[in-house]
Amino acid sequence: MNLFNIVEEIEKVDPEFKERVSPRRDAIKNITSFGSKVAVAALPFALGSLFKKAYAAAPAAASVTDVLNYALTLEYLESYFYNQGTAAAGLIPASDKAYIADITDDENAHVKFLQDVIKQLGGTPVDSPKFDLTAGNGSGNGPFKDVLTNYQTFLAVSETFEDTGVRAYKGAAPDLLGNQVVLTAALSIHAVEARHASAIRYLRTIRGYEEIAVWINSTAGLGNDTGIALVNGNYKGEDNVMQGGVDVSKLLDSNGKPIGQIDAAAAFDEPLSMQDVLALLVGSFIVH
Amino acid sequence: MKSEITETSGGINLARRSFLKYAGAGAATVGFLAVASSCKKLDGVAPRSLDSTSSGGIDIGSGDYGILNYAFALEQLEAAFYIQVVATPYSGMSDNEKECFSTIRQHEVCHREFFKTALAGNAIPDLTPDFSKIDFNSRTSVIATAKAFEDLGVQAYDGAGYLIQDPGYLTIAGKIVSVEARHAAYIRNLVTFGDYAGNDVVDMNGLNKASSIAEVLPIANTFLKTKISASHYGYTA
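Because the structure is a prediction, the values reported are computed rather than measured. (Residues numbered from 1 in each chain as written. Chains lettered and ligands numbered in written order. Predicted model: local features only at pLDDT ≥ 70, side-chain atom pairs only at ≥ 80, totals over all residues. Heavy atoms only, no water.)

**As for the overall build of chain B**
At step 1: When you go through chain B residue by residue, the secondary structure sums to 7 helices and 2 strands.
At step 2: Ordering the α and β elements of chain B from the N terminus gives α-α-β-α-α-α-α-α-β.
At step 3: Sorting the 237 residues of chain B into buried and exposed places 62% on the buried side.
At step 4: Pairs at least 24 residues apart make up 77% of the contacts formed inside chain B by residues separated by at least 6 positions.
At step 5: Accessible area of chain B: about 8,700 Å², with a carbon and sulfur share of 55%. (Helix = DSSP H or I, 4+ residues; strand = E, 2+ residues; numbered from the N terminus. Buried < 20%, exposed > 50% of the residue type's maximum accessible area, 1.4 Å probe, protein only. Contact = heavy atoms within 4.5 Å. Areas by Shrake-Rupley, 256 points an atom, 1.4 Å probe, with all protein chains shown as cover.)

Right under this line is the structure:
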């Protein structure tokens, strides 16, 4: 959705739109002048009221709430995963409880935040789907069946969720282009998911489970560096080195040598489309 | 609440955008390389998109090239820093730390060289860093600076993302910012285990702090001999 286009479109059919939302015809300017006073988190509320003021219960464009509901679904999955993990006795060692709790808090906050934003935009937050953390599509007997009893498996699944979450937000960002408030919020969640991905990868390494970098070190032809072949699909395309038509692996480093495949691929994370993400998760982690 | 968008950056941008939209002069979307290669002919000529009349050093200009040049400036700063860290290691730098800094250096150089290649004739010049405030012999000083640069980079990309008009450029910025966030979390974990997403950078809604151009550049400029301005975004050095 492009907010400015929407306002333009509305004005075509309703020349008095701006008059309705602001007697001083400066409603558009007001959207950002709020920015100096309130946080980004609160801005969607301002936007929501702008439209409500003009058209009683008129909903915002479907595409934005669709994107936000998609993000919410992924956050439901992550939040469910960490809450179940936290509740599972003996799963998370005492040394890592606070570490995992911080991620859990963030994911729970994302759920709440996205629900609030969707409501304020006049949409309806989707309900949480049913999950199977073993990736067994409801059987509870999928490939990760010891996910809540074996800490190594828990962290492996966690890492995949976080890396996939980063890819999902990145893939959806262009759909929010032109919407300052929602795009900035989505980018801000995206960065936090990347921090989580880094944090979980670091934990897997220092606990001795898998020697793995905090960024994705793909080799040519294989995006997946996690050591878990089952999730190859979640990393498909991470080995890409073409950026904006430039082969960045051939650019020269500070010693005058080509940067090469691994560092070039690691320097850029890749997006996944909504369709790809849902195809990966629905029927395994998200019960069909 | 930390995640504020300043009135300055948001207001000016929006005013410009609204003007362009209402004037029917929305920017045409052109392929990155199509533009970049055609502008190679302009080597040695000041790019038209840059405002050379500004008194505050180099102006990033406006539009998508302005934002990409903003990113290019920050990547130049980060790359120069890690090149120096690896070239003059502090005493007692562990093998693990050396490998970490070397790899991050490669990533940042990759980002820098990417922007330079892609922007071609529209790129701002190479900048000269001023690292006199950093004690490269001190582990504490180096790691604290790395943490500050990485967090600042994430906030800068997140805060400027909405200013990008072309979906392709936005995706590329997104591809870079998550890697910067991975760096940031890693460095923070090295300083304090578990501080990968501390309260100083992530708010209570679980959102990373986003900063405006006018907030970021004054900080970046303290590490640059060549000062950067962004007159279209409310900041002149």
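Okay, back to it.
**Let's talk about the pattern of salt bridges**
Oppositely charged side chains are able to pair whenever their charged atoms sit close together.
At step 1: One pass over the structure, following the stated rule, counts 19 salt bridges over all chains.
At step 2: Among the salt bridges present, the one from A:Arg204 reaches A:Glu159, with a minimum N-O distance of 2.4 Å. Here the residue A:Arg204 occupies a position in helix α8 (residues 180–206), and A:Glu159 occupies one in helix α7 (residues 151–172), the gap between them amounting to 45 residues. You'll find A:Arg204 and A:Glu159 in the same group, each marked buried.
At step 3: One salt bridge in this structure joins A:Glu270 and B:Lys175, with 2.8 Å as the shortest N-O distance. Remark: B:Lys175 occurs in helix α6 (residues 167–191) and A:Glu270 occurs in the loop between α9 (261–266) and α10 (274–281); the pair is interchain, linking two chains.
At step 4: Classification of B:Lys175 by relative accessible area gives buried; the value is 8%.
At step 5: In the salt-bridge network here, residues are joined through shared partners; they are A:Glu159, A:Asp163, A:Arg201, A:Arg204, A:Glu210, A:Asp225, A:Asp269 and B:Arg182. (Salt bridge = Lys/Arg side-chain N within 4 Å of Asp/Glu carboxyl O.)

**Digging into the layout of surface pockets**
At step 1: Quantified by volume, the largest pocket comes out at close to 420 Å³.
At step 2: Around the largest pocket, the lining comprises 16 residues; the ones closest to its centre are A:Ile212, A:Ala213, B:Asn96, B:Glu99 and B:Tyr186.
At step 3: Residue assignment for the lining of the largest pocket shows that the elements contributing at least two residues are α8 of chain A together with α4 (95–119) of chain B.
At step 4: Its residues assigned to classes, the lining of the largest pocket shows 8 nonpolar, 4 polar and 4 charged. (1 Å grid on protein atoms, 1.4 Å probe; cavity = no way out; pocket = protein on both sides within 12 Å on 5 of 7 lines; lining within 4 Å. Points joined across faces, edges and corners; volume = space filled by probe spheres on them. Nonpolar A, V, L, I, M, F, W, Y, C, P; charged D, E, K, R; others polar.)

**Re the packing of helix α3 (residues 63–87) of chain B against α6(B)**
Residues and elements named next belong to chain B.
At step 1: Their axes nearest at 12 Å, the elements α3 and α6 cross at an angle of 30°. By the criterion of interaxial angle, the relationship of α3 to α6 is roughly parallel. Between α3 and α6 lies a crossing of left-handed hand. Contacts between α3 and α6 involve Asp64, Leu68, Glu75, Glu78 and Tyr82 from the first element and Tyr169, Ile176, Glu180 and Ile187 from the second.
At step 2: Residues that form the contact of α3 with α6 fall into these classes: 5 nonpolar, no polar and 4 charged. (Axes fitted to C-alpha atoms, helices over the stretch in contact; angles between N-to-C directions. Parallel < 35°, antiparallel > 145°, perpendicular 65-115°, else oblique. Left-handed = near helix turned anticlockwise from the far one by under 90°.)

**Regarding the confidence of the model for chain A**
Should the pLDDT be low somewhere, the predicted coordinates at that spot are not to be read in detail.
At step 1: For chain A, mean pLDDT is 85; residues scoring 70 or higher make up 78% of the total.
At step 2: Segment residues 1–62 of chain A: pLDDT under 50, and 95 contacts once partners within four positions in sequence are set aside and those in other chains are kept. (pLDDT = per-residue confidence, 0-100.)

**Description of the side chain of A:Glu159**
At step 1: For A:Glu159, a relative accessible area of 0% gives the class buried.
At step 2: Those residues in contact with A:Glu159 that lie beyond four places of it in its chain are A:Ile200, A:Arg201, A:Arg204, A:Ile212, A:Thr226, A:Ile228 and A:Tyr235.

**Here's the deal with the packing of α8(A) against α6(B)**
At step 1: Taken N-terminus to C-terminus, the directions of α8(A) and α6(B) make an angle of 45°; their axes are 8 Å apart at the nearest point. Here α8(A) lies oblique to α6(B), going by the angle between them. By crossing handedness, the relation of α8(A) to α6(B) is classed as right-handed. Within the contact between the two elements, α8(A) uses A:Leu183, A:His190, A:Ala191, A:Ala194, A:Arg195, A:Ala197, A:Ser198, A:Ala199, A:Arg201 and A:Tyr202 and α6(B) uses B:Leu170, B:Gly174, B:Val177, B:Ser178, B:Ala181, B:Arg182, B:Ala184, B:Ala185, B:Tyr186, B:Arg188, B:Asn189 and B:Leu190.
At step 2: The residue makeup of the contact of α8(A) with α6(B), split by class, is 13 nonpolar, 5 polar and 4 charged.

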